[in-house]
Every structure is written in structure tokens, then in C-alpha cells.
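Structural characterization, general
Read off the chains here:
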Amino acid sequence: MSNPIFVLNGPNLNLLGTREPHIYGSTRLAEVEQMCHDRARALGHVVSFRQSNYEGQIVEWIHEAIDGADGIVINPAALTHTSVAILDALKNVKCPIIELHISNPHQREAFRHVSYVTPVATAMMCGFGVTGYPLAVEAMAGLIKARRPA
Ligand code: CA2
């Protein structure tokens, strides 16, 4: 039986499309969610798309994913650079994890060059703008397929 792909979004991403369009573009998070649902459906998957401004909520969702998700695509936003709690939660997950960023943090301030998530991620994608979301869903579908017995 298959489970959804969780697409988890961290703090302030609810404001996507309304501020800093030169960095993050002008597409709203609701439109990004629709892009993920459309791509997942075309590939025979279901996405559970979530956003929270609270670190603990994201930790809870990662715990839910331990038995409830076939893959996690996560844009932890600023928590990428600070959260040992998210790192520790992700260590308990057996499914593939894709760390995703809209911008390329390595082209930005030095504090964004450090990620607590990359060491436990299966793969990392950044710098594609919001197009990275459906791309990550598609990449996740590939990772899930590769794990299934023939
Ligand atoms: O590029 C990304 O996706 C980031 O994860 C976005 C985070 C930033 O702290 C990371 O370094 C890179 C910031 C998310 C804030 O989202 C907003 C989007 C539009 C307007 C205001 C906030």
C-alpha cells in the first residue's frame, strides 16, 4: 500500500509571492501546492502539502512521516540553518528525503551556507525557483520507484 509524499514547508513560506519577489518570485504557496498535486497525480502519487511557522509542528509532521509517508520533500526555510531538532527528527525516517530551496543559499549570506538537513537528506535541490517543487516531486517519485522490489 502506498503512502503520500509529504511536502513540508517551514517558517514564512506562507508569505511566498507577496514579498521579496526578486529572490523567491511572485507565485503564491497555494499555486505551488497545486503544481505539486498536478505533478504527483500525473506520476500516480499523492502529495500531502503542509506549511508551518513552528519548528515543533514540523518535527511532529516528520514523526508522522515515519510510518505515514513514502517520501519527504522539505523546504525547512530558515530552520535549515539552525534546527538540530529537525535534523534529529529526520534521522528516524527510513523513506527518501529531498531538501529543497527556492533560492540558491550558497549564492547568499554565509549563514545560509550551513544546512543541518543536508547530511541526512537523500538529495538536495536549490536555485530552480518554485519550479523546484514539481521537479522535487518528480525526483521523489523516481527515488520511490527505485526502492520498490521489481
Ligand atoms: O530559498 C529557500 O527556499 C529558503 O529555504 C527560503 C528561506 C531562507 O531562510 C533559506 O535560507 C532559503 C526563507 C523563506 C522565507 O519565505 C518568504 C518568501 C517570500 C516572502 C517572504 C518570505
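Residues numbered from 1 in each chain as written. Predicted model: local features only at pLDDT ≥ 70, side-chain atom pairs only at ≥ 80, totals over all residues. Heavy atoms only, no water.

**Structural notes on the overall build of the chain**
For clarity, the threshold we go by: Secondary structure elements follow DSSP: runs of H or I of four or more residues count as helices, runs of E of two or more count as strands, with numbering from the N terminus. Only the C-alpha atoms count toward the radius of gyration. The rule for a globule is 2.2 Å times the residue count to the power 0.38. Accessible area is worked out with a 1.4 Å probe on protein chains only. A residue is then buried under 20% of its type maximum, exposed over 50%, and partly exposed in between. We call two residues in contact when some of their heavy atoms are within 4.5 Å. For the accessible areas, the method is Shrake-Rupley and the probe is 1.4 Å, while residue cover comes only from the protein chains on display. Only four residue types enter the tally: Lys and Arg on the positive side, Asp and Glu on the negative side; His and the chain ends are excluded. Here the site of a charge means atom NZ of a Lys, CZ of an Arg, CG of an Asp or CD of a Glu.
What the chain contains, in helices and strands, is five helices and five strands. Listed N to C, the secondary structure of the chain is β-α-α-β-α-β-α-β-β-α in terms of helices and strands. Taking 150 residues into account, the globule formula puts the C-alpha radius of gyration at 15 Å, and the chain, at 14 Å, falls close to it. Across its three principal axes, the chain shows a C-alpha extent of roughly 45 × 30 × 25 Å. Classification of the 150 residues of the chain by burial places 44% in the buried group. Put simply, 76% of the contacts in the chain that link residues at least 6 apart link residues at least 24 apart. Carbon and sulfur atoms form 52% of the exposed surface of the chain, whose accessible area is close to 7600 Å². Within the chain, the 13 negative side-chain charges are centred at a point lying 4 Å from the centre of the 12 positive side-chain charges.

**Describing the site of the ligand**
Put simply, the rule reads: Whether a residue is near a molecule or strand is decided by its heavy atoms; if any one of them lies within 4 Å of it, the residue is near. Any pair of nitrogen or oxygen atoms within 3.5 Å is treated as a polar contact; in protein, a donor-acceptor pairing is required on top of that, and neighbouring residues in sequence qualify only through side-chain atoms on both sides. Here a cavity denotes grid points, spaced 1 Å and computed from the protein atoms alone, that fit a 1.4 Å probe unable to get out, and a pocket denotes an open set having protein on both sides within 12 Å along at least 5 of 7 lines; residues with an atom within 4 Å of a point are the lining. By definition, a pocket or cavity contains a molecule when more than half of the molecule's atoms lie within 2 Å of the pocket's grid points.
Surrounding the ligand, one finds 16 residues, the nearest of these being Asn-75, His-81, Ile-102, Ser-103 and Arg-112. The contact in question runs from an oxygen atom of the ligand to an N or O atom on the side chain of Ser-103, over 2.6 Å. One nitrogen or oxygen atom from the side chain of Arg-112 is found 2.8 Å from an oxygen atom belonging to the ligand. When the free accessible area of the ligand is taken as 500 Å², the share hidden by the protein chains comes to 94%. More than half of the atoms of the ligand fall within 2 Å of the grid points belonging to the largest pocket.

**Examining the sheet that holds strand 5 (residues 123-126)**
Here is the rule we go by: Here a strand pair is declared whenever DSSP counts at least two bridges between the two strands. To obtain each axis, a line is fitted to C-alpha atoms, and for helices this fit is confined to the stretch in contact; angles are then taken between N-to-C directions over 0 to 180 degrees.
Reading across the sheet, the five strands line up as 2-1-3-4-5 and stay open at both edges, with parallel pairing between neighbours. Edge positions in the open sheet fall to strand 2 (47-51) and strand 5, since each of these has one partner strand only. Within the sheet, the average angular offset between the axes of one strand and its neighbour, ignoring direction, is 15°. As judged from the four bridges shared by strand 4 (residues 97-101) and strand 5, these two strands associate in the parallel manner. Within strand 5, the residue paired with Glu-99 across the bridge is Met-124. Contacts from helix 3 (residues 55-68) reach strand 1 (5-9), strand 2 and strand 3 (71-75) within the one sheet, and its direction differs from that of strand 1 by about 170°.

**Side note on the packing of aromatic side chains**
Inclusion rule: The rule is short: rings of Phe, Tyr and Trp, with Trp giving its six-membered ring, pair when the centres are within 6.5 Å, and they are stacked under 30 degrees, edge-to-face over 60, tilted in between. Two limits define a charge over a ring: the Lys NZ or Arg CZ must be within 6 Å of the ring centre, and within 35 degrees of the ring normal.
Within this structure, the stated rule accounts for one aromatic pair. A ring pair is formed by Phe-49 and Tyr-133, whose centres lie 6.2 Å apart and whose planes are at 45°; its orientation type is tilted. With Phe-49 in strand 2 and Tyr-133 in helix 5 (residues 132-147), this residue pair connects regions lying 84 residues apart in the sequence. Note on accessibility: Phe-49 and Tyr-133 belong to one class, buried. A cation over an aromatic ring shows up here: Arg-50 above the ring of Phe-6, its NZ or CZ 4.3 Å from the ring centre.

**Quick notes on the layout of surface pockets**
Counted only if it meets this: Grid points are joined across faces, edges and corners, and a volume is the space filled by probe spheres set on the points. Three categories are distinguished: nonpolar for Ala, Val, Leu, Ile, Met, Phe, Trp, Tyr, Cys and Pro, charged for Asp, Glu, Lys and Arg, and polar for the others, with Gly belonging to the last.
Roughly 350 Å³ of internal volume is contained in the largest pocket. Lining the largest pocket are 18 residues, and of these Pro-11, Asn-12, Leu-13, Tyr-24 and Ala-77 sit closest to its centre. Here the lining of the largest pocket is composed, by residue class, of nine nonpolar, five polar and four charged.

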